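Remarks on the overall topology
Now for the letters of each chain:
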Amino acid sequence: MKHKTKSKIEVFLMYAFIFFMFVIIAYPLIWTIGLSLSPGTNIYGASILPENWSLENYRWLFFDEQSQYTTWYMNSLFVATVTSILSTIVVCFTAYAFSRYNFVGKKNGLYLFLVLQIFPVIMAMVAIYVLLNTIGLLDNLWGLILIYVGGSIPMNAFLVKGYFDTLPKDLDESAKLDGAGHFRIFFTIVLPLAKPILAVVALFNFMNPLMDFILPRIVLRSPENYTLALGLFNFVNDQFATNFTRFAAGAVLIAVPISIVFLFLQRYLISGLASGATKG
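Residues numbered from 1 in each chain as written. Predicted model: local features only at pLDDT ≥ 70, side-chain atom pairs only at ≥ 80, totals over all residues. Heavy atoms only, no water.

1. Section: the overall build of the chain
We apply this condition: Runs of H or I in DSSP of at least four residues are treated as helices and runs of E of at least two as strands, each being numbered from the N terminus. Only protein chains enter the accessibility calculation, which uses a 1.4 Å probe. A residue is then buried if its area is under 20% of the maximum for its type, exposed if over 50%, and partly exposed in between. By definition in these notes, contact holds between two residues if any of their heavy atoms fall within 4.5 Å. Here, Shrake-Rupley sampling with a 1.4 Å probe gives the accessible areas, and only protein chains in the shown set may cover a residue.
Across its full length, the chain holds 12 helices and 0 strands. Ordering the α and β elements of the chain from the N terminus gives α-α-α-α-α-α-α-α-α-α-α-α. Here the chain holds 280 residues, and the buried ones make up 39% of them. Pairs at least 24 apart in sequence give 72% of the contacts found in the chain among residues at least 6 apart. In the structure as shown, the chain presents an accessible area of about 16,600 Å², 70% of it carried by carbon and sulfur atoms.

Rendered as structure tokens:
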């Protein structure tokens, strides 16, 4: 009896904690959606469930002449898509080299990856600015992509290497006996088996540019080159200082491409994260 009572208490506490976390996560989200549907542009007088809701704020974002939201949206999608593709390619080659080959500095290279994950990007702010200015990529989306791709290597390469280590090396040896070269083994054997971890890397590197504010703030100067995070910041900080409802509408729409990519890669994500963390 005591054991059953204890189990029920543990289950109750577990569900209570889950409900508490759900409220913390859902409350600001519901407020943002309600604010985006509220008439007017002022945050005062808005409610979580507006009585006279409308889609005027969404219409303004895409069809008003003063709005550059469509440009910012396309810039963000371009940066996120290219970053996701290039990061996945670079990380795959890097992780495969560390997983399958022995070379001078391999162990120290892995330690370096771990150390680089400790330091936040903001510590390299001055170096990033000087570097991009030197190579002429300041205020350029390709410069921003270059920084994102380079910054994705340490953490993701270590994660993908852990997954590659779980793949039997006997597969490589059998393929070599059949005359397969290194690139054929990599593309026809290893990559198809690594779809789960590649989905994780692709999703993470797609999400980051859509939500990041610090790097675009450092790199981009022209409004036509802004990403969504930087552009929406100006809605409540610059000449659009009272457009809180439009800011909320723009923020809600950021979730659309992330949700689509997440649903597309969903079946690979859990197995990829679990397997990538098993070995290092």
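What follows continues from the structure just given.
2. Side note on the packing of helix H7 (residues 170-177) against helix H8 (residues 182-193)
In a packed pair of helices, the relevant descriptors are the angle between the two axes and the axis-to-axis distance. Where we set the bar: Orientation is described by axes fitted as lines to C-alpha atoms, over the contacting stretch for helices, and by angles from 0 to 180 degrees between their N-to-C directions. By definition in this entry, angles of less than 35 degrees are roughly parallel, angles greater than 145 are roughly antiparallel, angles of 65 to 115 are roughly perpendicular, and the rest are oblique. Crossings are classed by handedness, with left-handed meaning an anticlockwise turn of the near helix from the far one by less than a right angle and right-handed meaning a clockwise turn. Three categories are distinguished: nonpolar for Ala, Val, Leu, Ile, Met, Phe, Trp, Tyr, Cys and Pro, charged for Asp, Glu, Lys and Arg, and polar for the others, with Gly belonging to the last.
For the pair H7 and H8, interaxial distance at closest approach is 10 Å and the crossing angle is 140 degrees. The pairing of H7 with H8 is recorded here as oblique in orientation. Along this stretch, H7 crosses H8, giving a crossing that reads as right-handed. Between H7 and H8, the contacting residues are Leu171, Asp172, Ala175 and Lys176 on the first element and His182, Ile185, Ile189, Val190 and Leu193 on the second. A class-by-class count of the residues in the contact of H7 with H8 yields 6 nonpolar, 1 polar and 2 charged.

3. Focus on the nonpolar core
Counted only if it meets this: For this analysis, a nonpolar core means a set of buried residues of the types Ala, Val, Leu, Ile, Met, Phe, Trp, Tyr and Cys, connected via side-chain atoms within 4.5 Å.
Ranked by size, the top nonpolar core spans 32 residues in total, and within it Leu61, Tyr69, Leu144 and Leu220 carry the most contacts. Contributions of two or more residues to this core are made by helix H2 (56-63), helix H3 (69-100), helix H5 (125-135), helix H6 (141-166), helix H9 (195-211), helix H10 (214-219), helix H11 (228-235) and helix H12 (244-276). When neighbours within four sequence positions are excluded, leucine 144 is seen to be in contact with Val79, Leu215, Pro216, Val219, Leu220 and Thr227. Within the second largest apolar cluster, 24 residues are counted, among which are Val91, Ala95, Tyr96 and Leu167.

4. So, the pattern of salt bridges
Stated formally: A carboxyl oxygen of Asp or Glu within 4 Å of a side-chain nitrogen of Lys or Arg is what we treat as a salt bridge.
Following the criterion strictly, the structure yields 3 salt bridges and no others. Put simply, glutamate 56 and arginine 59 hold a salt bridge, and the shortest N to O gap is 2.9 Å. Taken as a pair, glutamate 56 and arginine 59 lie in helix H2 at a separation of 3 residues, close to a single helical turn. Given a relative accessible area of 40%, glutamate 56 falls into the partly exposed group. Notably, a salt bridge pairs arginine 100 with aspartate 172, separated by 2.8 Å at the nearest N-O pair.

5. Topic: unusual backbone geometry
Its identity as a non-glycine residue notwithstanding, aspartate 139 has a phi of 60 degrees, on the positive side. Within the secondary structure, aspartate 139 sits in the loop between H5 and H6.

6. Structural notes on the confidence of the model for the chain
Rules: A score between 0 and 100, pLDDT records how confident the predictor is in each residue.
Confidence in the prediction for the chain averages 83 pLDDT; 90% of positions are at 70 or higher. Scored below 50 in pLDDT, residues 276-280 makes 11 contacts in the model with residues more than four places away or belonging to other chains.

7. Things to note about a nonpolar patch on the surface
The test is simple: Only residues whose relative accessible area exceeds 30% and that form no salt bridge enter a patch; like-charged residues are grouped when within 9 Å of one another, and nonpolar side chains (Val, Leu, Ile, Met, Phe, Trp, Tyr) when within 5 Å.
On the surface, a cluster of nonpolar side chains totalling about 950 Å² of accessible area is made up of Val115, Ile118, Phe119, Ile122, Met123, Met125, Val126, Tyr129, Val130 and Ile214. Top element by residues in the nonpolar patch is H5. It accounts for 4 residues. In this structure, valine 130 sits in helix H5.

8. Re the packing of H3 against H6
Two numbers describe how H3 lies on H6: the axes approach to 6 Å, and their chain directions differ by 40 degrees. With respect to H6, the axis of H3 lies oblique. Judged by the twist between their axes, the crossing of H3 over H6 is right-handed. When its residues are assigned to classes, the contact of H3 with H6 shows 20 nonpolar, 7 polar and 3 charged.

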